[in-house]
Amino acid sequence: MEEIKKLYKKLTTPIKYSLILVVYIIVSLLIFSFAIEHQIQKTAADNLKQSLILQANNIEKIIDQQLHALESLSSFASTQETLINNHTINMATSLDDNTLMSKVYIITPDGMAHTSLNQVFDARHRPFFNRSMKGQRVVTRSVSTENDDEYRIVLSVPIYKDKAVIGVVGGSFKLSDVGELIFPSQTFRENGHVFVVNSNGDFIAVDSTEYFRNEKNFFDYFAGAELKNSSFKKIKKELKNGNPDYYILNDNQEKYLAFSPLEVDDWSLGYVIPTTVADAPYQFFSRHELALFGIVILGVTVYLGAIFNLVRREQHKLRRQATYDALTNLYNKKNTEKLIAERLIDYQLKALLIIDLDDFKAVNDQYGHVVGDHFLTTVAQSLKEIFRSYDIVGRIGGDEMMILMDQITNREDVFKKCDEIIAKVSQVQIDESHCYHGSCSIGIAFYPNDDETFEGLYEKADKALYCIKAHGKKGYCEYKKQ
């Protein structure tokens with residue numbers, strides 16, 4: 001039965017490890033795939049945001065260019081005897097043909113606007129007219145008319161003559177008219193939508209009233225959408241602070257939403273596009289390539305893991321060699337001295353013991369090093385059994401051991417331990433005839449009575465050891481001042 005169990009274990013162990021490996025591969029590939037998708041998403045969104053910043057600058061330049069064009073008409077009109085004449089109307093028509101604006105008009109002080117198409121409308125109650133009559137250069141939110149259901153950005157500048165405002169020149173353009181200038185990429189133009197909003201989310205202009213369903217407010221339009229990485233409350237705050245970011249929303253389709261502030265009032269340029277479209281240029285890896293890459297990563301990981309495990313074992317081995325004596329598994333000389341020195345700080349009674357195995361050289365010479373090594377390991381094991389876990393037991397030479405007995409209350413306890421050591425060592429049989437037994441000599445010094453330093457204690461315990469060896473060995477001697 002025992003053999004069957006061993007065989008079963010031998011057969012099932014590779015299967016278990018194989019299953020673990022398969023699970024590891026699957027989990028690793030899923031994690032790697034998720035990380036790639038996340039990075040693609042972040043790269044696409046970051047690039048979209050950076051692109052939008054550039055496009056916001058483009059819109060600002062476009063608006064500035066249109067204002068300069070209107071100011072050229074304003075300067076020309078100020079030289080005419082009357083604001084409305086063939087020359088000024090012809091120049092307005094030229095601006096219609098050569099700029100992004102349409103319906104360029106000249107407004108007389110009474111508020112009557114004369115367009116390049118020889119149409120007249122009342123602008124007295126239009127905010128842009130009143131502001132420009134006060135000398136302001138105006139860029140304002142879109143207006144809609146019965147004949148034009150698409151939002152327009154309205155521009156107007158004052159006409160000066162002898163430092164007095166004598167009229168206004170105005171014009172408007174659709175955001176859709178500048179789409180190609182804002183987004184040169186056909187993919188982005190055809191699949192995304194651009195809009196301008198103020199800090200309250202009110203639409204200033206949109207490129208498609210059909211897409212935005214004639215909504216007046218951005219937040220109303222996306223009221224039913226879910227935001228993945230933010231909240232609409234946070235977007236409102238960021239729009240007001242002029243530092244909007246990019247967002248991921250879902251309104252039956254996952255989309256990127258990005259904003260960039262404009263240097264016009266409290267406006268921001270916005271853009272929305274499906275994530276699948278925006279991510280497409282960054283989909284560098286197919287699923288098969290991901291799987292292959294994952295296998296390679298796995299192979300490298302396993303290899304590195306094996307190397308790491310080997311290094312870790314070697315490091316553990318080296319640390320043990322630096323701490324313990326290879327033969328006896330006691331602390332080695334350097335570590336023994338270090339550990340004892342660290343204990344000599346509290347002025348509580350301790351005992352330092354130096355143990356020398358009597359005539360050990362003769363044992364090696366007569367019986368050989370194999371017997372000698374066995375003798376040493378047997379003695380070392382006996383010392384581990386005799387002393388407590390918080391005592392320090394180490395080998396400091398070929399046949400010498402050192403012990404620090406800590407937390408002792410009286411000298412008699414130390415002497416009893418010495419008797420126990422001598423008895424244990426004398427029980428160790430060195431030869432097969434059982435006639436030769438080991439023996440040892442012990443020198444003792446007490447901390448802090450005899451000395452307060454390791455070097456001092458060692459010297460005094462060594463003198464005590466010399467004393468017992470000079471008087472017949474196989475015993476112990478306490479250091480006594482001369």
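All values derive from a computational prediction rather than experimental measurement. (Residues numbered from 1 in each chain as written. Predicted model: local features only at pLDDT ≥ 70, side-chain atom pairs only at ≥ 80, totals over all residues. Heavy atoms only, no water.)

**Q** Looking at this structure, how should I read the overall build of the protein chain?
**A** Each helix and strand in the protein chain was counted, giving 14 helices and 17 strands. The burial tally for the protein chain puts 44% of its 482 residues in the buried class. The contacts in the protein chain between residues at least 6 apart in sequence include a share of 58% that link residues at least 24 apart. Accessible surface computed for the protein chain: about 26,800 Å², of which carbon and sulfur atoms make up 54%. (Helix = DSSP H or I, 4+ residues; strand = E, 2+ residues; numbered from the N terminus. Buried < 20%, exposed > 50% of the residue type's maximum accessible area, 1.4 Å probe, protein only. Contact = heavy atoms within 4.5 Å. Areas by Shrake-Rupley, 256 points an atom, 1.4 Å probe, with all protein chains shown as cover.)

**Q** Sorry if this is basic, but what is going on with the side chain of Thr88 here?
**A** Mapped onto the fold, Thr88 is located in helix α2 (residues 86-98). Here Leu83 takes part through its backbone oxygen, which lies 2.8 Å from a polar atom of the side chain of Thr88. Every residue in contact with Thr88, bar those within four places of it in the chain, is listed here: Leu73, Phe76, Ala77, Gln80, Leu83 and Ile106. (Polar contact = N/O pair within 3.5 Å; in protein donor to acceptor, adjacent residues only side chain to side chain.)

**Q** Got a minute to help me understand the nonpolar core in this structure?
**A** The nonpolar side chains of soluble globular proteins are, as a tendency, buried together. If you look at the biggest cluster of nonpolar residues, it comprises 41 residues, and the most contacted ones within it are Ile63, Leu70, Val139, Leu155, Tyr256, Trp267 and Leu269. Per-element tally for this core: the top contributor is helix α1 (residues 2-77), with twelve residues. When sequence neighbours within four positions are dropped, the list of residues in contact with Ile63 reads Val139, Leu155, Phe173 and Val264. Counting 31 residues, the second-largest nonpolar core is a separate cluster that includes Ile355, Leu376, Met401 and Met405. (Core = buried A, V, L, I, M, F, W, Y, C linked by side-chain atoms within 4.5 Å.)

**Q** What's the story with the sheet that holds strand β13 (residues 350-357) in this structure? I'm lost.
**A** Backbone-to-backbone hydrogen bonds pair the strands of a sheet. The strands run either parallel or antiparallel. Across the sheet, five strands lie side by side as β14-β15-β13-β16-β17; this open sheet has mixed pairing. What marks the edges here is a single partner per strand, and that holds for β14 (392-395) and β17 (475-478). The sheet shows a mean angle of 15° between the axes of neighbouring strands, taken without regard to direction. Against the sheet, helix α14 (residues 454-470) contacts β13, β15 (400-405), β16 (440-447) and β17, and its axis sits at roughly 145° relative to β16. (Pairing = 2+ DSSP bridges. Axes fitted to C-alpha atoms, helices over the stretch in contact; angles between N-to-C directions.)

**Q** I keep staring at the sheet that holds strand β4 (residues 138-140) and nothing clicks. Help me out?
**A** Sheet architecture is open: six strands sit in the order β3-β2-β1-β6-β5-β4, paired in antiparallel fashion. Every interior strand has two partners, whereas the edge strands, β3 (120-122) and β4, have only one. Mean inter-strand twist for the sheet, computed between neighbouring axes without regard to direction, equals 25°. Bridging between strand β1 (residues 102-107) and strand β6 (residues 164-174) involves four bridges; their strand directions are antiparallel. Within the sheet, the bridge partner assigned to Tyr105 lies in β6 and is Gly170. Lying over the sheet, α2 contacts β1 and β2 (112-115), oriented at roughly 150° with respect to β1.

**Q** Would you take a moment to explain the state of the cysteines for this structure?
**A** The term disulfide refers to a covalent linkage connecting the sulfur atoms of a pair of cysteines. Under the criterion given, the structure shown has zero disulfides. Cys467 takes part in no disulfide bond, and the closest cysteine sulfur, belonging to Cys477, lies 3.7 Å away. (Disulfide = S-S within 2.5 Å.)

**Q** Even after reading the chapter, I still don't get the packing of aromatic side chains, so can you show me in this structure?
**A** Aromatic ring pairs: the centre-centre distance and the angle between the two ring planes describe each pair. Tallied over the entire structure, the rule returns 17 aromatic pairs. On the numbers, 5.8 Å between centres and 90° between planes, the contact of Phe195 with Phe203 is edge-to-face. Across this residue pair, the class does not change: Phe195 and Phe203 are buried. On the numbers, 5.7 Å between centres and 20° between planes, the contact of Phe195 with Phe218 is stacked. Separated by 23 residues along the polypeptide, Phe195 in strand β7 (residues 193-197) and Phe218 in helix α6 (residues 218-221) bring together distant segments of the chain. Just as Phe195 is buried, Phe218 falls in that class too. Among the aromatic side chains, those forming a connected cluster through ring pairs are Phe195, Phe203, Phe218, Phe219, Tyr221, Phe222, Phe232, Tyr247 and Phe259. Cation over ring: Lys236 sits above Phe219, and NZ or CZ is 5.0 Å from the ring centre. The lysine or arginine in question, Arg411, covers the ring of Phe446, its NZ or CZ lying 4.2 Å from the ring centre. (Phe/Tyr/Trp six-rings, centres within 6.5 Å; stacked < 30°, edge-to-face > 60°. Lys NZ or Arg CZ within 6 Å of the ring centre and 35° of its normal.)

**Q** Can you walk me through unusual backbone geometry in this structure?
**A** Glycine aside, a negative phi is what most residues show, and trans is what most peptide bonds show. Cis rather than trans, the peptide bond between Tyr447 and Pro448 has omega equal to 0°. Considering the arrangement of structural elements, one finds Pro448 in the loop between β16 and α14. The backbone of Tyr347 shows a phi angle near 60°, a positive value even though the residue is not glycine.

**Q** How do you make sense of the side chain of Thr275 when you look at a structure like this?
**A** Its location among the elements puts Thr275 in helix α8 (residues 275-279). For Thr275, a relative accessible area of 5% corresponds to the buried category. Ignoring anything within four residues of it in the chain, the contact list for Thr275 reads Glu254, Lys255 and Tyr256.

**Q** Quick question: what am I supposed to make of helix α10 (residues 333-343) here?
**A** Two residues of an α-helix separated by three or four positions point the same way, owing to the 3.6 residues in each turn. Every buried residue of α10 is listed here: Asn335, Thr336, Leu339 and Ile340. Within α10, the buried residues cover an arc of 130° as seen down the axis, which keeps them to one side. (Arc of directions from axis to C-beta.)

**Q** When you look at the packing of helix α11 (residues 360-367) against helix α12 (residues 369-386) in this model, what are you seeing that I'm missing?
**A** A pair of packed helices is captured by two measures, namely the crossing angle of their axes and the spacing between those axes. Interhelical geometry of α11 versus α12 gives an angle of 140° and a closest axis separation of 7 Å. With respect to each other, α11 and α12 are oriented oblique. Taking contact as the criterion, the partners of Phe360, Val363, Asn364 and Tyr367 in α11 are, on α12, His369, Val371, Gly372, Phe375 and Leu376. In terms of residue class, the contact of α11 with α12 is built from six nonpolar, three polar and no charged. (Parallel < 35°, antiparallel > 145°, perpendicular 65-115°, else oblique. Nonpolar A, V, L, I, M, F, W, Y, C, P; charged D, E, K, R; others polar.)

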